[in-house]
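Structural overview for review
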Amino acid sequence: NAGVTQTPKFRILKIGQSMTLQCTQDMNHNYMYWYRQDPGMGLKLIYYSVGAGITDKGEVPNGYNVSRSTTEDFPLRLELAAPSQTSVYFCASSYPSGSKYEQYFGPGTRLTVT
Amino acid sequence: AQTVTQSQPEMSVQEAETVTLSCTYDTSESDYYLFWYKQPPSRQMILVIRQEAYKQQNATENRFSVNFQKAAKSFSLKISDSQLGDAAMYFCAYTTGTASKLTFGTGTRLQVTL
């Protein structure tokens, strides 16, 4: 049971390039999330999904796209990378039941755009 | 808008002593969930403790306990018998349960000294 895995761990992009951050969970969780963490700040929600085929915007969605074709995978696409997207990106998953609601996080991807 | 405020950017505690980290939140909901997450230098987000708003009893997990004051919208974390391994960023977070989306505070960096 690997939990939530993210690839790559680190990436440097040039301005204007595109890339996809991969996220996979093996816990059969319905809910998945993408957050970004800027230096010295808390996490901010980019996009989330409550099930395969269903996605919705979070607090900071501009410049990103997501898809959810399977329960396990929730990739985040960056189009036309900008320096403002330099951040650490976290994927998380959750299976709300009873009184739990906590999220399980991946190890993060550090992205630098130069 | 839901907000979470952590007013202490940095705290320091001596090993074996007790420290309290503060958190306040703003919500009009009556049913919600509160969390403290720990982020060590490895960047991994680790759940420390959770509190359901409908429960009056304060949550406890080994050396970690909370002081939940619902009327004051306050949710502080007390770490007893502090250990060097407790040194990390600590984030307070909140969800109403709708898609379990989390709103995070900006974090408190805890240093543990000998």
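Just above, that's the structure.
Residues numbered from 1 in each chain as written. Chains lettered and ligands numbered in written order. Predicted model: local features only at pLDDT ≥ 70, side-chain atom pairs only at ≥ 80, totals over all residues. Heavy atoms only, no water.

Looking only at helices and strands, chain B features 0 helices and 12 strands. Taking the principal axes of the C-alpha coordinates as reference, chain B spans close to 40 × 25 × 20 Å. The buried share of chain B, taken over its 114 residues, is 49%. For chain B, restricting intrachain contacts to residue pairs at least 6 apart in sequence, the fraction spanning at least 24 positions comes to 54%. For chain B, the computed accessible surface area is about 5500 Å², with 44% contributed by carbon and sulfur atoms. Of the side chains in chain B, 10 bear a positive and 10 a negative charge, and the two mean positions are spaced by 5 Å. (Helix = DSSP H or I, 4+ residues; strand = E, 2+ residues; numbered from the N terminus. Buried < 20%, exposed > 50% of the residue type's maximum accessible area, 1.4 Å probe, protein only. Contact = heavy atoms within 4.5 Å. Areas by Shrake-Rupley, 256 points an atom, 1.4 Å probe, with all protein chains shown as cover. Lys, Arg positive; Asp, Glu negative; His and termini not counted. Charge placed at Lys NZ, Arg CZ, Asp CG, Glu CD.)

The number of helices and strands found in chain A is 0 helices and 11 strands. Overall size of chain A, expressed as C-alpha extent along the three principal axes, is 45 × 30 × 25 Å. Looking at chain A residue by residue over its 114 residues, the buried ones come to 46%. Contacts in chain A between residues far apart in sequence, at least 24 positions, make up 54% of those at least 6 positions apart. Of the accessible surface of chain A, which amounts to about 5300 Å², a share of 51% is contributed by carbon and sulfur atoms. On chain A, the mean spot of the 10 positive side-chain charges and the mean spot of the 8 negative ones are 8 Å from each other.

Residues and elements named next belong to chain A. As summarised here, the arrangement of the 4 strands in space is β1-β3-β8-β7, forming an open sheet in which the pairing is antiparallel. Since the sheet does not close on itself, it has two edges, and those belong to β1 (4–7) and β7 (64–66), each with one partner. Between one strand axis and the next, the sheet turns by 20° as a mean value, whatever way the strands run. In this structure, strand β3 (residues 19–25) lies alongside strand β8 (residues 76–78), joined through 3 bridges in antiparallel fashion. When the sheet's bridge partners are listed, leucine 21 is paired in β8 with leucine 76. (Pairing = 2+ DSSP bridges. Axes fitted to C-alpha atoms, helices over the stretch in contact; angles between N-to-C directions.)

Summed over all chains, the structure comprises 15 aromatic pairs over all chains. Plain terms: the ring middles of phenylalanine 105 of chain A and phenylalanine 104 of chain B are 6.3 Å apart, the flat faces sit at 70° to each other, and that makes the pair edge-to-face. A residue pair is termed interchain when its members come from two chains, as with phenylalanine 105 of chain A in strand β10 (residues 104–105) and phenylalanine 104 of chain B in strand β11 (residues 103–104). By the burial criterion, phenylalanine 105 of chain A is buried, and phenylalanine 104 of chain B matches it. Of note, arginine 68 of chain A hangs over the ring of phenylalanine 74 of chain A, and the distance from its end group to the ring centre comes to 6.0 Å. (Phe/Tyr/Trp six-rings, centres within 6.5 Å; stacked < 30°, edge-to-face > 60°. Lys NZ or Arg CZ within 6 Å of the ring centre and 35° of its normal.)

The interface of chain A with chain B comprises 29 residues on the first partner and 21 residues on the second. Connecting chain A to chain B are 1 salt bridge. Here chain A is connected to chain B by 7 residue pairs in polar contact (both at pLDDT 80 or more). Residue assignment for the side of chain A that touches chain B shows that the elements contributing at least two residues are β4 (31–37), β5 (43–51), β9 (87–94) and β11 (109–113) of chain A. When the residues that make up the side of chain A that touches chain B are grouped by side-chain class, the tally is 15 nonpolar, 10 polar and 4 charged. (Salt bridge = Lys/Arg side-chain N within 4 Å of Asp/Glu carboxyl O. Polar contact = N/O pair within 3.5 Å; in protein donor to acceptor, adjacent residues only side chain to side chain. Nonpolar A, V, L, I, M, F, W, Y, C, P; charged D, E, K, R; others polar.)

By the secondary structure assignment, serine 94 of chain A is in strand β9. According to the relative accessible area criterion, serine 94 of chain A is buried, its value standing at 0%. Once the C-alpha coordinates of serine 94 of chain A and tyrosine 33 of chain A are considered, the two residues, 61 residues apart in sequence, prove to be 8.5 Å apart. Setting aside residues up to four positions removed in sequence, serine 94 of chain A forms contacts with His29, Asn30, Tyr31, Tyr33, Tyr101, Glu102 and Gln103 of chain A together with Ser100 of chain B.

Right, let's talk about the nonpolar core for a bit. What tends to happen in soluble globular proteins is that the nonpolar side chains get buried as a cluster. In this structure, Tyr25, Trp36, Phe75, Leu77 and Tyr90 of chain B are the most contacted members of the largest nonpolar core, which totals 25 residues. Among the elements of the structure, β3 (19–21), β5 (33–39), β6 (46–52), β8 (64–69), β9 (74–79), β10 (88–95) and β12 (108–113) of chain B are those that each provide at least two residues to this core. When residues of this core are assigned to their parent elements, the largest contribution, 4 residues, is made by β10 of chain B. Sequence-distant contacts of tyrosine 25 of chain B, defined by excluding residues within four places in its chain, comprise Thr3, Val4, Tyr32, Leu34, Phe68, Gln69, Lys70, Lys73, Ser74, Phe75 and Tyr94 of chain B. Ranked by size, the runner-up nonpolar core spans 21 residues in total, among them Ala92 and Tyr101 of chain A together with Tyr33 and Met89 of chain B. (Core = buried A, V, L, I, M, F, W, Y, C linked by side-chain atoms within 4.5 Å.)

That is the geometry; function is a separate question.
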